[in-house]
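Each chain, written out:
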Amino acid sequence: MAGNPKKKGRDRELVSEQEHEVAYLMRTAKVTRQKALQAIREAGPNRDNVMAYLQSK
């Protein structure tokens, strides 16, 4: 059985170059696949930093 479901895991704060995560960024930020991948590479794996990077461009 899983631990406390109210705990926020570190994994939710990170984004990788996996297809489902890139697709999520493309949908939420309304950007192309190339821009989503570039944002991940330049802003790092932190989801908040990636979203801020995409909004600033």
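Residues numbered from 1 in each chain as written. Predicted model: local features only at pLDDT ≥ 70, side-chain atom pairs only at ≥ 80, totals over all residues. Heavy atoms only, no water.

Attention now moves to the nonpolar core. Soluble globular proteins tend to pack their nonpolar side chains together in the buried interior. Within the largest apolar cluster, 11 residues are counted, these being Val15, Val22, Leu25, Val31, Ala36, Leu37, Ala39, Ile40, Val50, Tyr53 and Leu54. Of all the secondary-structure elements, those providing two or more residues to this core are helix 1 (19-29), helix 2 (33-43) and helix 3 (47-56). In contact with valine 31, other than residues within four places in its own chain, are Leu25, Met26, Ala36 and Leu54. (Core = buried A, V, L, I, M, F, W, Y, C linked by side-chain atoms within 4.5 Å. Buried < 20%, exposed > 50% of the residue type's maximum accessible area, 1.4 Å probe, protein only. Helix = DSSP H or I, 4+ residues; strand = E, 2+ residues; numbered from the N terminus. Contact = heavy atoms within 4.5 Å.)

The next thing to look at is the packing of helix 1 against helix 3. Following both chains from N to C, one finds helix 1 and helix 3 inclined at 45°, their axes separated by 11 Å at the closest point. Our classification of the angle between helix 1 and helix 3 gives oblique. Here the hand of the crossing between helix 1 and helix 3 comes out right-handed. On the side of helix 1, the interface is formed by Glu21, Tyr24, Leu25, Thr28 and Ala29, while helix 3 contributes Arg47, Val50, Met51 and Leu54. Residue composition of the contact of helix 1 with helix 3, grouped by class: six nonpolar, one polar and two charged. (Axes fitted to C-alpha atoms, helices over the stretch in contact; angles between N-to-C directions. Parallel < 35°, antiparallel > 145°, perpendicular 65-115°, else oblique. Left-handed = near helix turned anticlockwise from the far one by under 90°. Nonpolar A, V, L, I, M, F, W, Y, C, P; charged D, E, K, R; others polar.)

Along helix 1, the positions that sit buried rather than exposed are Glu21, Val22 and Leu25. The arc that holds the buried residues of helix 1, viewed along the axis, is 100°, so those residues lie on one side. Along helix 1, the residues that are exposed and aim more than 90 degrees away from the buried face are His20 and Arg27. Those residues of helix 1 that are buried lie in contact with helix 2 and helix 3. (Arc of directions from axis to C-beta.)

Here we come to unusual backbone geometry. Phi is positive for lysine 30, which is not a glycine, with a value near 55°. Inspection of the secondary structure puts lysine 30 in the loop between helix 1 and helix 2.

As a further point, take the environment of proline 45. When you line up the elements, proline 45 lands in the loop between helix 2 and helix 3. Between the C-alpha atoms of proline 45 and valine 15, which are 30 residues apart in sequence, the distance is 5.1 Å. If sequence neighbours within four positions are ignored, proline 45 has contacts with Glu13, Leu14, Val15 and Ile40.

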